[in-house]
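# Survey of secondary and tertiary structure
Each chain is listed here by its residues.
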Amino acid sequence: MSEGAGAGFLNTFSQTKVGSDTIFSWWARYQEAVGSGHDAVNGTIGALLENNGELAINHVVDKVVRESPPIEISAYAPLKGLPAFLDLAITLALGDVREELESIGMNVTSTASPGGSGALYLAAANFADRGDKVLLRDRHWGPYDGFLAGCDLGIATYPLLPSKDVEGSFLDLDSLQKELAKLCNSQSKVMSWLNDPAHNPTGLSLTEQDRYNFLKCFIESSLANQEVSHTLLVDAAYHLYAGQPHGWADTICQLLHDGISWPDNLLVTFAISLSKSHTIYGLRTGALVTIHPDEQVIDRITTVMGVTGRQTWSATSRLAQYAVSQIHSDEELANNWDEERERLQNLLEERRELFIQECDKLGVPINPTHDGFFAWLDCEDSVSIANECAKNHVYLVPLDGGVRIGLCAIPTDKIARVAQALSQALS
Ligand SMILES: Cc1ncc(COP(=O)(O)O)c(C=O)c1O
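Residues numbered from 1 in each chain as written. Predicted model: local features only at pLDDT ≥ 70, side-chain atom pairs only at ≥ 80, totals over all residues. Heavy atoms only, no water.

### Topic: the side chain of aspartate 132
Examined against the element boundaries, aspartate 132 turns out to sit in the loop between α6 (115-126) and β3 (133-137). With residues near it in sequence (within four places) discarded, aspartate 132 still touches Asp152, Leu153, Gly154, Gln187 and Lys189. (Helix = DSSP H or I, 4+ residues; strand = E, 2+ residues; numbered from the N terminus. Contact = heavy atoms within 4.5 Å.)

### A short note on the pairing of strand β6 (residues 229-236)
Counted residue by residue, β6 has seven buried out of eight residues, so it is predominantly covered. Here strand β5 (residues 189-195) pairs with β6 via seven bridges, running parallel. In the sheet register, tryptophan 193 faces β6, and the bridge partner there is leucine 233. Between the parallel pair β5 and β6, the chain is carried across by helix α9 (residues 208-224), and the sense of this crossover is right-handed. The pairing of β6 with strand β7 (residues 266-273) spans seven bridges and is classified as parallel. Each bridged residue has a counterpart across the sheet, and for leucine 233 the counterpart in β7 is threonine 269. (Buried < 20%, exposed > 50% of the residue type's maximum accessible area, 1.4 Å probe, protein only. Pairing = 2+ DSSP bridges. Right-handed = clockwise from strand over helix to strand, strands pointing away.)

### A word on the site of the ligand
Around the ligand lies a shell of 14 residues, among which Ser117, Asp235, Tyr238, Ser273 and Lys276 are the nearest. For the ligand, an oxygen atom lies 2.7 Å from a polar atom in the backbone of glycine 116. Residue arginine 284 places a side-chain N or O atom 2.7 Å away from an oxygen atom belonging to the ligand. Here the ligand loses 91% of its free accessible area of 390 Å² to cover by the protein chains. The element best represented in the shell around the ligand is α6, accounting for four residues. (Near = heavy atom within 4 Å. Polar contact = N/O pair within 3.5 Å; in protein donor to acceptor, adjacent residues only side chain to side chain. Areas by Shrake-Rupley, 256 points an atom, 1.4 Å probe, with all protein chains shown as cover.)

### Some words on helix α13 (residues 331-362)
Between its terminal C-alpha atoms α13 stretches 46 Å, which fits the 46 Å expected from 32 residues at 1.5 Å a residue. One or two positions beyond α13, positive phi appears at glycine 363, with a value near 70 degrees. (Expected span 1.5 Å × (residues − 1).)

### Remarks on the domain arrangement of the protein
According to the domain assignment, the protein contains domain 1 (14-57 + 335-426) and domain 2 (78-316). Between domain 1 and domain 2, the C-alpha centre-to-centre distance is 27 Å. Contacts between the two partners involve 27 residues from domain 1, matched on the other side by 21 residues from domain 2. Both sides of the domain 1 and domain 2 interface together cover about 1900 Å² of buried area, and 60% of this is carbon and sulfur. Here domain 1 and domain 2 share one salt bridge between them. Linking arginine 139 and aspartate 378 is a salt bridge whose minimum nitrogen-to-oxygen distance equals 3.1 Å. (Domains from an automatic or database assignment. Buried area = accessible area lost by both parts, 1.4 Å probe. Salt bridge = Lys/Arg side-chain N within 4 Å of Asp/Glu carboxyl O.)

### Observations regarding the packing of α9 against helix α10 (residues 247-257)
Between α9 and α10, the shortest axis-to-axis distance is 10 Å and the interhelical angle comes to 60 degrees. Considering their axes alone, α9 and α10 lie oblique with respect to each other. Between α9 and α10 the crossing geometry is right-handed. Where α9 approaches α10, its residues Glu208, Arg211, Tyr212, Phe214, Leu215, Lys216 and Ile219 are matched on the opposing element by Gly247, Trp248, Thr251, Ile252, Gln254 and Leu255. Considering only residue class, the contact of α9 with α10 consists of seven nonpolar, three polar and three charged. (Axes fitted to C-alpha atoms, helices over the stretch in contact; angles between N-to-C directions. Parallel < 35°, antiparallel > 145°, perpendicular 65-115°, else oblique. Left-handed = near helix turned anticlockwise from the far one by under 90°. Nonpolar A, V, L, I, M, F, W, Y, C, P; charged D, E, K, R; others polar.)

So this is what it looks like as structure tokens:
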């Protein structure tokens, strides 16, 4: 099909949209290999699979969803979200320090959204001026580019990792400061998106010190550029499978306890997704949770996000909001959900540890990787590396700047084969 087809019907921006099926085309290659009788390894999919290849499902969530009353399935949810869910989303974002943050004067609001993607859209649509650039790390989830472009936003980037070895740090603070300063000189609003902890596509999580330095950098920039509003969006799509799930809320708390007063022109917002944490990818539920000391700012954001949702997707699906709120308001159900979540986290940890160990043995230079669904090999010609791996029937995803290894999909007993295939491909 010619990409020029339909040009007469499509507006100029829409004509730039081209299918990017890299992940699906590599998944299809894996399936073809299985169909031809090969013992193939699937490292392509971005969903958590059990060791037998089936989708991992948190059965506590599944049961509560199935037993929900008809009215909770059929009725609209309130436009901004079910109140119990909105409250829960704040707890999911901030964890145990929620109360403390609220008691020291932070106000918080949340808006339900169709998945974390909906939350990202709410932020893109409202916290940046059209034509501006949003600050990302150079390695980031591909769909960010599209969410931003759809709101007429460009991107500026800084490197994922520091170029020189800064003992125990995974943050290129110098580049972050420089890029932030550049944007402050040319825009009246600056927004940065950071997928942490458990970054897609690398599995990287910043350390406690990195988070502190990061946030301090934003606070200092906000103080030095009072006329520029700063929004830090923490994309928490995988945080409940990380060692420090609520590290960002802890860091905010720590900075406030260190006596740093919060600048009026700094907002922190969390994109929450239930897709992975509650294994309800298809029920499309998440939230945007925003924190700021000024109650009036928070009230205004509540209105604006609600109106944006109304004008984009109407209300978010009610069923998952209801079911998940039920689970978390019942101690026994909540504990059972958490046990299952922990089992899945352990599965990921087991695969990751083994992968790191095997790569170490074979000298495969994978990126630092700590939590979540993925690992990553930075390389220039990712397609040829992935093609070499495919010769051994190990299927991974070549992306810009590296190969994504979907630990979430690879059975534990096939992990060693992935390290071997990468080692051979590199040699
Ligand atoms: C980094 C990142 N952010 C956000 C999302 C949004 O997920 P969803 O819209 O399914 O909740 C994903 C999903 O893969 C992701 O990988």
